Amino acid sequence: MNGPWPGEVVILADAEDVARAAAERIAVASARAVAERGTFSIALAGGTTPAATYSHLATAPLRDSVAWPAWRVFFGDERWVAHDHPDSNFAMASRTLLSRVPVNAAHVHPIPTDAPDAEAAAKNYGGVMRASVGVTVDAIPQLDMILLGMGDDAHTASLFPGSPLFADRDCAYGAARRPADASLRISATPALIQAARAIAVIVTGSAKSAPLARAWASAGVTHDLPITLLREARGSVSWFCDTAAATPAGGGASAAPRITTRKACPQ
Ligand code: 6PG
């Protein structure tokens, strides 16, 4: 798929503004989904960037505006560590959000990391999501929203460059390994991400500017730059970036894709 990227790019002055804007967008998506379907299904992103967004969601006024009991919480990926391990994405989301808001614990679904077989755990997790969410697109669960980050190699979730999960169009989750240290991960597949009604990508910091510019400049989906899978997203794609990430190193015009709406930094 060539031509303009689907979606929008929101470029703000700094990471704090980005975190606030992303949190507000999540709250709006939640309100719309609950009004239309009674629940809000979301896959949370891991890593470090989303922590500030989660903290904004867990703080008034946003905290008091969200219908937390209607949330169905999943994870876009997980490191194969215990849920109380410092590297656990579930631990990070619990610390910054889930322990601070009245979600229904029965509707919070951490990716299991204590099973003997990661592949089986990934497949089972996809089944848990399908049973909870109910709606599917080509047999893949359709979430209301997926949050994503991006690594400095343009990976997203635990879809690293050349990931074999690009070929798996029938499953929602699979096992993966992080190339840098061969550590085991469970990740949403491109098929699951592309099926979501809405995708919010949160990318901040100058270290992400080069890979982001390469991804935005790509002519189509390329497995070397996994975040380009968003070119074939079925739903809405919203990039929340600070100027450090959205402006190529050395200055110059942003490489942001041709987009429908763009909110430059407030002057
Ligand atoms: C993970 C994330 C991963 C993350 C990027 C960016 O488990 O690490 O799912 O895809 O979003 O690696 O990480 P930072 O936000 O820490 O830069």
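Everything that follows concerns the structure shown earlier in this document.
This is a predicted model, so every value here is computed, not measured. (Residues numbered from 1 in each chain as written. Predicted model: local features only at pLDDT ≥ 70, side-chain atom pairs only at ≥ 80, totals over all residues. Heavy atoms only, no water.)

Enquirer: Could you clarify how one ought to interpret the environment of Val18 in this entry?
Expert: Structurally, Val18 can be placed in helix 1 (residues 15-37). Here the alpha-carbon distance between Val18 and Val203, two residues 185 residues apart in the chain, equals 8.5 Å. Among residues more than four places away in sequence, those in contact with Val18 are Leu12, Ile202, Thr204, Phe240, Cys241 and Asp242. (Helix = DSSP H or I, 4+ residues; strand = E, 2+ residues; numbered from the N terminus. Contact = heavy atoms within 4.5 Å.)

Enquirer: Explain the site of the ligand here, please?
Expert: For the ligand, the set of nearby residues contains 15 residues, the closest of which are Thr48, Thr49, Asp77, Arg79 and Ala157. Thr48 is positioned such that a nitrogen or oxygen atom in its side chain is 2.7 Å from an oxygen atom of the ligand. Here Thr49 contributes a side-chain N or O atom positioned 2.7 Å from an oxygen atom of the ligand. Here the ligand, which alone exposes 410 Å², has 87% of that area covered by the protein. Given that more than half its atoms are within 2 Å of the pocket grid, the ligand belongs to the largest pocket. For the shell around the ligand, a count of residues per class yields two nonpolar, nine polar and four charged. (Near = heavy atom within 4 Å. Polar contact = N/O pair within 3.5 Å; in protein donor to acceptor, adjacent residues only side chain to side chain. Areas by Shrake-Rupley, 256 points an atom, 1.4 Å probe, with all protein chains shown as cover. 1 Å grid on protein atoms, 1.4 Å probe; cavity = no way out; pocket = protein on both sides within 12 Å on 5 of 7 lines; lining within 4 Å. Sits in = over half its atoms within 2 Å of the grid points. Nonpolar A, V, L, I, M, F, W, Y, C, P; charged D, E, K, R; others polar.)

Enquirer: Explain the nonpolar core here, please?
Expert: Soluble globular proteins tend to pack their nonpolar side chains together in the buried interior. In terms of nonpolar packing, the biggest core is built from 87 residues, with Leu44, Trp71, Leu97, Leu98, Tyr173, Leu230 and Trp239 touching the most fellow members. When residues in this core are grouped by element, the largest group, eight residues, is from helix 1. In this structure, Leu98 is in contact with Leu44, Val73, Phe75, Phe90, Ala93, Val103 and Val108, ignoring residues within four places of it in sequence. (Core = buried A, V, L, I, M, F, W, Y, C linked by side-chain atoms within 4.5 Å. Buried < 20%, exposed > 50% of the residue type's maximum accessible area, 1.4 Å probe, protein only.)

Enquirer: Sorry, what's going on with unusual backbone geometry here?
Expert: Going from Ala60 to Pro61, the amide bond is cis rather than trans, its omega being 5°. As for its placement among the helices and strands, Pro61 is situated in the loop between helix 2 (50-57) and helix 3 (62-65). Phi is positive for Asp138, which is not a glycine, with a value near 50°. Mapped onto the elements of the fold, Asp138 is located in the loop between strand 5 (136-137) and strand 6 (140-141). Owing to a relative accessible area of 62%, Asp138 belongs among the exposed residues under this scheme. For Ala139, which is not a glycine, the phi torsion comes out positive at approximately 70°. Mapped onto the fold, Ala139 is located in the loop between strand 5 and strand 6.

Enquirer: Honestly, the packing of aromatic side chains in this entry has me stumped. Any pointers?
Expert: Centre-to-centre distance and the angle between the planes together describe a pair of aromatic rings. Here the structure, examined in full by the defined rule, presents six aromatic pairs. Taking the centre distance of 5.7 Å and the plane angle of 70° together, the rings of Phe75 and Phe90 count as edge-to-face. Taken together, the positions of Phe75 in strand 3 (residues 71-75) and Phe90 in helix 4 (residues 89-98) put the pair 15 residues apart, joining distant regions of the chain. Across the pair, Phe90 and Phe75 agree in class, each one buried. (Phe/Tyr/Trp six-rings, centres within 6.5 Å; stacked < 30°, edge-to-face > 60°.)

Enquirer: It is not clear to me how the packing of helix 2 against helix 4 should be interpreted in this structure. Could you clarify?
Expert: The packing of two helices is summarised by the inter-axis angle and the distance between the axes. Where helix 2 contacts helix 4, the two axes come as close as 8 Å, and the packing angle between them is 30°. In terms of axis orientation, helix 2 runs roughly parallel to helix 4. Residues Pro50, Ala51, Tyr54, Ser55 and Leu57 of helix 2 lie in contact with helix 4, whose contacting residues are Met92, Ala93, Thr96 and Leu97. Per-class residue counts for the contact of helix 2 with helix 4 are seven nonpolar, two polar and no charged. (Axes fitted to C-alpha atoms, helices over the stretch in contact; angles between N-to-C directions. Parallel < 35°, antiparallel > 145°, perpendicular 65-115°, else oblique.)

Enquirer: Sorry, what's going on with the pairing of strand 11 (residues 236-242) here?
Expert: One face of the sheet, then the other: side chains in a regular strand alternate in exactly this way. The element strand 11 is largely enclosed, with a buried count of six among its seven residues. Direction of pairing for strand 1 (residues 8-12) relative to strand 11: parallel, over a ladder of five bridges. Looking at the pairing, Ile11 lines up with Cys241 of strand 11. Across six bridges, strand 10 (residues 198-203) lies against strand 11 in parallel orientation. Paired with Ala200 across the bridge in strand 11 is Ser238. Chirality of the crossover, the property in question, places the unit of strand 10, helix 7 (residues 209-217) and strand 11 among those that are right-handed. (Pairing = 2+ DSSP bridges. Right-handed = clockwise from strand over helix to strand, strands pointing away.)

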